[in-house]
Amino acid sequence: MHEDAIIAEVARRMGVTEERIRARDRSPQVVAARHAACWALNRSGLNPAQIARHLGLNHSSVVHGLARAEQHPEWRALAGPAVGLSGADGAVLSGTRKA
């Protein structure tokens, strides 16, 4: 799936707009969606530098977002279907790697 489509699907599933995920919005709901999007993009095969470019973030923000997403199975459960994963455990189901 294309990166923009993944971001849009995560935004829809998390109840925020894609624009808010890409913006500097720091409200808890948007931050959770942004971290879930980082996780979904990583599962689709992108590395943190590539994710940073797509979301307009710096590399360290993406690394932090990936770590936070690993601590929140509920975010992963919502974001997983955007990249063909099911379940909240982060298990490899579609040939992608676990960070």
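Residues numbered from 1 in each chain as written. Predicted model: local features only at pLDDT ≥ 70, side-chain atom pairs only at ≥ 80, totals over all residues. Heavy atoms only, no water.

**A short note on the layout of surface pockets**
Consideration 1: Counted as a void, the largest pocket has a volume near 230 Å³.
Consideration 2: Going through the elements one at a time, helix 3 (28-43) and helix 5 (59-70) are the ones with two or more residues in the lining of the largest pocket.
Consideration 3: Counting residues per element, the lining of the largest pocket draws most heavily on helix 3, at four residues.
Consideration 4: In the lining of the largest pocket, the residues fall into four nonpolar, four polar and three charged. (1 Å grid on protein atoms, 1.4 Å probe; cavity = no way out; pocket = protein on both sides within 12 Å on 5 of 7 lines; lining within 4 Å. Points joined across faces, edges and corners; volume = space filled by probe spheres on them. Helix = DSSP H or I, 4+ residues; strand = E, 2+ residues; numbered from the N terminus. Nonpolar A, V, L, I, M, F, W, Y, C, P; charged D, E, K, R; others polar.)

**Focus on the confidence of the model for the protein chain**
Interpreting fine coordinate detail is not advised for predicted regions of low pLDDT.
Consideration 1: Looking at the protein chain, the pLDDT average stands at 87 and 84% of residues meet or exceed 70.
Consideration 2: Scored below 50 in pLDDT, residues 86-99 makes 31 contacts in the model with residues more than four places away or belonging to other chains. (pLDDT = per-residue confidence, 0-100. Contact = heavy atoms within 4.5 Å.)

**Notes on helix 4 (residues 48-55)**
Consideration 1: All of the buried residues in helix 4 are Pro 48, Ile 51, Ala 52 and Leu 55. The arc that holds every buried residue of helix 4, seen down its axis, measures 105°, which confines them to one face.
Consideration 2: The secondary structure elements touched by the buried residues of helix 4 are helix 1 (3-14), helix 2 (18-22), helix 3 and helix 5.
Consideration 3: The backbone nitrogen of Ala 49 lies 3.0 Å from a side-chain oxygen of the residue at the head of helix 4, namely Asn 47.
Consideration 4: Note on helix 4: the residue one or two positions beyond its end, Gly 56, has a positive phi of about 70°. (Buried < 20%, exposed > 50% of the residue type's maximum accessible area, 1.4 Å probe, protein only. Arc of directions from axis to C-beta. Polar contact = N/O pair within 3.5 Å; in protein donor to acceptor, adjacent residues only side chain to side chain.)

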